Amino acid sequence: MELRNLRTFVHAAELNSFSKAANRLNYAQSTVTAQIDALEKELGVQLFHRNGKKISLSEAGQELLRYAYRFLQLENEVYQSFGGEEEPSGDLCVGILESLSASGHMKGLEQFLRDYPAVRLRVRIGTTIELMEKLENGEIDAAFLLDTPVMNRKFRTVDRQSVRILFIAPPGSGWGGKRVMLRDLAEERWLLTERGCNYRRLLEEELLKRELSVFDPLEIGSTSVLIRCVSDGLGISLLPEYNLTEALREGRVQEIPVEDCRMEMEFQALIHKDRWLSPSIQKICEYMKYGSGGPLKE
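As a starting point, this report considers the structure included with it. (Residues numbered from 1 in each chain as written. Predicted model: local features only at pLDDT ≥ 70, side-chain atom pairs only at ≥ 80, totals over all residues. Heavy atoms only, no water.)

In this section: the overall build of the protein chain. Along the backbone of the protein chain there are 12 helices and 11 strands. Burial statistics for the protein chain: of 298 residues in total, 49% are counted as buried. The long-range fraction of contacts in the protein chain, counting pairs at least 24 apart against all pairs at least 6 apart in sequence, stands at 76%. Surface accessibility of the protein chain: about 15,400 Å² in total, with carbon and sulfur atoms responsible for 48%. Averaging the coordinates of the 39 positive side-chain charges in the protein chain and doing the same for the 45 negative ones gives two points 2 Å apart. (Helix = DSSP H or I, 4+ residues; strand = E, 2+ residues; numbered from the N terminus. Buried < 20%, exposed > 50% of the residue type's maximum accessible area, 1.4 Å probe, protein only. Contact = heavy atoms within 4.5 Å. Areas by Shrake-Rupley, 256 points an atom, 1.4 Å probe, with all protein chains shown as cover. Lys, Arg positive; Asp, Glu negative; His and termini not counted. Charge placed at Lys NZ, Arg CZ, Asp CG, Glu CD.)

Here tryptophan 276 is to be found in the loop between strand E11 (263-272) and helix H12 (279-290). Using a relative accessible area of 28% as the deciding quantity, one classes tryptophan 276 as partly exposed. Remark: the alpha-carbon pair of tryptophan 276 and leucine 74, spanning 202 residues in sequence, is separated by 8.9 Å.

Now for a nonpolar patch on the surface. Taken together, the side chains of Met1, Leu43, Val45, Tyr67 and Phe71 make up a nonpolar region of the molecular surface, amounting to roughly 450 Å² of accessible area. By the element assignment, phenylalanine 71 lies in helix H4 (residues 59-82). (Patch = residues over 30% accessible without salt bridge, like charges linked within 9 Å, V, L, I, M, F, W, Y side chains within 5 Å. Salt bridge = Lys/Arg side-chain N within 4 Å of Asp/Glu carboxyl O.)

Bringing unusual backbone geometry into the picture now. Unlike most non-glycine residues, asparagine 16 shows phi in positive territory, near 55 degrees. Considering the arrangement of structural elements, one finds asparagine 16 in the loop between helix H1 (3-15) and helix H2 (18-25). Backbone geometry places aspartate 216, a non-glycine residue, at a positive phi of 45 degrees. Mapped onto the elements, aspartate 216 comes out in the loop between helix H9 (198-209) and strand E8 (218-219).

The calculated volume of the second largest pocket comes to roughly 380 Å³. In terms of lining, the second largest pocket is formed by 18 residues, of which the most central are Leu97, Thr127, Gly196, Cys197 and Asn198. With 3 residues, the single largest contributor to the lining of the second largest pocket is H9. Taken together, the residues that form the lining of the second largest pocket break down as 5 nonpolar, 8 polar and 5 charged. (1 Å grid on protein atoms, 1.4 Å probe; cavity = no way out; pocket = protein on both sides within 12 Å on 5 of 7 lines; lining within 4 Å. Points joined across faces, edges and corners; volume = space filled by probe spheres on them. Nonpolar A, V, L, I, M, F, W, Y, C, P; charged D, E, K, R; others polar.)

Next up on the list: helix H3 (residues 29-43). End to end, H3 covers 21 Å across 15 residues, agreeing with the expected 21 Å (1.5 Å per residue, within 8%). Among the residues making up H3, those that are buried are Val32, Gln35, Ile36, Leu39 and Glu40. When H3 is viewed along its axis, its buried side chains cluster within an angular range of 135 degrees and face the same direction. Summarising the geometry of H3, the exposed residues directed more than 90 degrees from the buried face are Ser30 and Lys41. (Expected span 1.5 Å × (residues − 1). Arc of directions from axis to C-beta.)

On inspection of all chains with the given rule, the structure shows 3 cavities of 30 Å³ or more. A volume near 90 Å³ is recorded for the largest cavity. For the largest cavity, the full set of lining residues is Tyr69, Leu72, Gln73, Asn76, Asp91, Cys93, Arg122, Gly138, Glu139, Asp141 and Arg275. When residues of the lining of the largest cavity are traced back to their parent elements, those giving at least two are H4 and strand E3 (90-96). In terms of residue count, H4 provides more of the lining of the largest cavity than any other element does, 4 residues in total. Per-class residue counts for the lining of the largest cavity are 3 nonpolar, 3 polar and 5 charged.

Moving on: the pattern of salt bridges. The tally for this structure, following the rule as stated, stands at 25 salt bridges. Across the pair glutamate 2 and arginine 4 runs a salt bridge whose closest N-O atoms are separated by 3.9 Å. Taking relative accessible area as the criterion, arginine 4 reaches 48% and is therefore assigned partly exposed. Its salt-bridge partner being arginine 124, residue glutamate 14 comes within 3.1 Å of it at the nearest N-O pair. With a gap of 110 residues between them, glutamate 14 in helix H1 and arginine 124 in strand E4 (residues 119-125) connect regions that are remote in the sequence. With a relative accessible area of 24%, arginine 124 lands in the partly exposed category.

Okay, structure coming up:
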């Protein structure tokens, strides 16, 4: 089985297009088609459903994709182990949460790209569950999460850091100058991320302990939009501290100091327990943590 054919298959699967895969790889489209045809003949299965110019993975294609990611990971490991190269290079795919994509952590990722241009980086954004599934299946090399400590034996924690979850209000709303309890906020208009979000779940657990609930919150899927809505006076919210650094410094929002509810979660860098900790993964973990404003705690 030709690794180049597998590599082409991965790009076609990710882009749902032979022509886009050809552009990405600088191939003629006929070359991509020929390589996919060769794989299908070799394996005796149909990897894509074809409907005119549109393609989609078949069930067999979805199964092969999981193996293909592992093959390409092993290829990178072999080259980096025997090539004598310390500098990160090759393909690297990482998964991050949406809230991380709107934080200072991305500055670290951008600097990583500038410092190591030989790395072909792909970033997948998803929920904790989605990213852990991709990590288990070999679709991503590392996952950067904000959650309670992940104890799954299939994964290894490379780095971690405690992150405060802050309650925020519009500037000048008066919450900062008085004693505030969580009960005082229950009747306010809340702007929250979608149900199932980690820190929203944490809030709901704290409210449940006190036999409280939030009535009819406005759900907003974008962290940056949520901050803007709070700044415009549409309600109160809570977000990880790393999302609020600039907004707090610029006075666009203010922290609500809730005395009886201090919430924290952990920023975690995970890899599969059987995954080699390559120079690329080590470095991107370092850059992601420095992007947050300081080194992670061991």
